[in-house]
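Single-letter residue listing:
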Amino acid sequence: MDKVYLDNASTTCVRDEVIKKMQSALAECYGNPSSTHSFGRTAKTAIETARKTIAKYLNAHPSEIIFTSGGTEADNMILRCSVRDLGVKTIITSKIEHHAVLHTAEELEHECGIALHYVDLDKNGNPDLEHLKKLLRQDDSKKMVSLMHVNNEIGNKIDIDAICVLCKENDALIHSDTVQSIGHYAWDVQETPIDFMTAAAHKFHGPKGVGFAYLRRNSGLKPMISGGSQERGFRAGTESYHNILGLEEAFIQSYENLEKESAQILEMKEYFIKRVNAEIPGAKFNGLSGDPEKSTYTLVNVNLPVGPEKALMLLFNLDVKGIACSKGSACQSGSAMGSHVLNEVLSEEDLQKPSLRFSFSIYNTKEELDYTIDVLKEFIKN
Ligand SMILES: Cc1ncc(COP(=O)(O)O)c(C=O)c1O
């Protein structure tokens, strides 16, 4: 087998349709969207069409979509501007959020003196809604809750609708880092009372360096970056025209093919789980990633029965065999560089063993999964 890419939660390959669209955008349209001549107007019109397209799939208003450089910028923008512009004094999040949220919230605690609380997690890593309720009601400060829909390491899919309703009942703002969700799950912002969401095109076969923030209408947020009047004055800087068009095409392809492609990927995940359970005794799925109903269909995170000395060789060995996946291991040899997510959800005993995240896409095949499992078995046996 040549090369096997099972690291799609890190980033995905770009679809052919997206490459074509971007090539023609680069070759044919070089006007600055802010220019009033025809070159500029053509670019501006295409960007506004992309905004409308995205809004249509989310059942949002186009003005609620702000293009950004990706998920990190969008998360930063939402948290920082909410503290600065909306009087948010308390942020409630969880210890297993992406660092784009966690580090931003920590900085806001130090820079702006907000109160930062972490909701308790159950043994699988899902937020304890009773504790969340308690945190929401503990005082009358203006609150924002930030909880990701799909966890990028262990794949847990939380009940975001219930959490949004709870936030609204308690007059709190709700942001969800939906970077691992948008492009993979359908969203309807008229049904889900969410205030803010974030997306990154490279997680659903679009280009890197582009994404968007969903900001509910009349959010009250003001620009984070000052300068020109791009993005309706909300995000200054000449728009990344080809990237935005690539994002639009990736979005269309994802949502037009969602049912078929999600079923195809889920089948692969289930097949992987079945083979691991049957053929690698002692392997365990971390978080809820082994439960296809309660986790995203796109990934598994598996704890392997391998001792600490051999563990160091595991990822290297897979790489040598052409298999790309992600290390999800925590604290091996006391390293502080381990996964903050696994550190929260794994027992001390399981933390001593290596964990790997395998994440799938429509471009993977069952043969690739067979090869990967055979390589894993061989490594564990020797
Ligand atoms: C859950 C989550 N949030 C945020 C990000 C950051 O997105 P970007 O790489 O577009 O900045 C990622 C990417 O790894 C992610 O998985």
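Since the structure is predicted, the reported quantities are computational estimates derived from the model, not experimental observations.

Here the focus is the overall build of the chain. When helices and strands are counted, the chain shows twelve helices and 13 strands. Its C-alpha atoms give the chain a radius of gyration of 21 Å, within 12% of the compact-globule value 21 Å for 382 residues. Its C-alpha atoms give the chain principal-axis dimensions of roughly 65 × 55 × 35 Å. The proportion of buried residues among the 382 residues of the chain is 48%. Pairs at least 24 residues apart make up 72% of the contacts formed inside the chain by residues separated by at least 6 positions.

It is worth spelling out the site of the ligand at this point. Contacts to the ligand come from Gly70, Gly71, Thr72, His98, Ala100, Met148, Asn152, Asp177, Val179, Gln180, Ala200 and Gly211. Here the residues of the shell around the ligand sort into four nonpolar, seven polar and one charged.

In this section: the packing of helix H8 (residues 258-279) against helix H12 (residues 366-381). At a minimum axis distance of 10 Å, the contact between H8 and H12 shows a crossing angle of 25°. Relative to H12, the element H8 lies roughly parallel. The handedness of the crossing between H8 and H12 is right-handed. Residues Met268, Tyr271, Phe272, Arg275, Val276 and Glu279 of H8 pack against Lys366, Leu369, Ile373 and Lys377 of H12.

For the chain, the domain assignment lists domain 1 (16-256) and domain 2 (258-381). Centre-to-centre, using C-alpha coordinates, domain 1 lies 28 Å away from domain 2. With 17 residues of domain 1 in contact, the opposing surface of domain 2 contributes 21 residues. Taken together, the residues of the side of domain 1 that touches domain 2 break down into six nonpolar, eight polar and three charged.

The four strands lie next to each other as E9-E10-E13-E12, forming an open sheet whose pairing is antiparallel. Looking at strand neighbours, the two that pair on one side only are strand E9 (284-285) and strand E12 (326-327), the edges of this open sheet. On the sheet, H8 packs against E9, strand E10 (299-303) and strand E13 (355-359) and is oriented at approximately 15° with respect to E10.

Before going further, it helps to spend a moment on the pairing of strand E3 (residues 90-93). Neither face of E3 is exposed, since Thr90 and Ile92 on one face and Ile91 and Thr93 on the opposite face are all buried. Across four bridges, the pairing between E3 and strand E4 (residues 115-118) is parallel. Bridge assignment links threonine 93 to a residue of E4, and that residue is tyrosine 118. Once the chain exits E3 it traverses helix H4 (residues 99-112) before rejoining the sheet at E4, and the crossover so formed is right-handed. Relative to strand E5 (residues 143-146), E3 is paired through three bridges, and the arrangement is parallel. Bridge pairing in E5 places threonine 90 opposite lysine 143.

An α-helical segment advances 3.6 residues per turn. Residues three or four places apart therefore align on the same side. Those residues of helix H5 (residues 129-137) lying buried are Leu132, Leu135 and Leu136. Viewed end-on, H5 has its buried residues packed into an arc of 100°, placing them on one side of the element. Relative to its buried face, H5 has exposed residues pointing more than 90 degrees away, namely Glu130 and Arg137. Residues of H5 that are buried make contact with E3, E4, E5 and helix H6 (160-169).

Here we take up the sheet that holds strand E7 (residues 196-200). By definition, the strands of a sheet pair up through backbone hydrogen bonds, in either a parallel or an antiparallel sense. Spatial strand order, E2-E8-E7-E6-E5-E3-E4: seven strands in an open sheet with mixed pairing. Every interior strand has two partners, whereas the edge strands, strand E2 (65-68) and E4, have only one. This sheet shows a mean twist of 20° between the axes of neighbouring strands, independent of strand direction. Bridging between E2 and strand E8 (residues 211-215) involves four bridges; their strand directions are antiparallel.

Structurally, histidine 205 can be placed in the loop between E7 and E8. By C-beta crowding, histidine 205 is classed as buried, having 27 other C-beta atoms within 10 Å. Put simply, histidine 205 and valine 88 are 117 residues apart on the chain and 35 Å apart in space, counted from C-alpha to C-alpha.

A few words now on the nonpolar core. Counting 69 residues, the largest nonpolar core has Phe212, Ala213 and Tyr214 as its most contacted members. At seven residues, the largest contribution of residues to this core is made by helix H7 (residues 241-256). Beyond its immediate sequence surroundings of up to four residues, tyrosine 214 is in contact with Leu58, Ala60, Glu64, Ile65, Val189, Phe196 and Met197. Within the second largest apolar cluster, 23 residues are counted, among which are Met268, Leu304, Leu318 and Ile323.

Turning our eyes to something else, we now look at the packing of helix H2 (residues 38-58) against H7. The interhelical angle for the contact between H2 and H7, taken along N-to-C directions, is 30°, at an axis separation of 10 Å. Relative to H7, the element H2 lies roughly parallel. Like other packed secondary-structure pairs, H2 and H7 cross with a definite hand, here left-handed. Facing H2, whose interface residues are Ala43, Ala46, Ile47, Ala50, Thr53, Ile54 and Tyr57, H7 presents Tyr241, Ile244, Leu245, Leu247, Glu248, Phe251, Ile252 and Tyr255. Among the residues making up the contact of H2 with H7, the classes are represented as 13 nonpolar, one polar and one charged.

Parameters at a glance
Residues numbered from 1 in each chain as written. Predicted model: local features only at pLDDT ≥ 70, side-chain atom pairs only at ≥ 80, totals over all residues. Helix = DSSP H or I, 4+ residues; strand = E, 2+ residues; numbered from the N terminus. Rg over C-alpha atoms; globule rule 2.2 N^0.38 Å. Buried ≥ 20, exposed ≤ 12 C-beta atoms within 10 Å, placed from the backbone. Contact = placed C-beta atoms within 7 Å. Near = placed C-beta within 6 Å. Nonpolar A, V, L, I, M, F, W, Y, C, P; charged D, E, K, R; others polar. Axes fitted to C-alpha atoms, helices over the stretch in contact; angles between N-to-C directions. Parallel < 35°, antiparallel > 145°, perpendicular 65-115°, else oblique. Left-handed = near helix turned anticlockwise from the far one by under 90°. Domains from an automatic or database assignment. Pairing = 2+ DSSP bridges. Right-handed = clockwise from strand over helix to strand, strands pointing away. Arc of directions from axis to C-beta. Core = buried A, V, L, I, M, F, W, Y, C linked by C-beta atoms within 7 Å.

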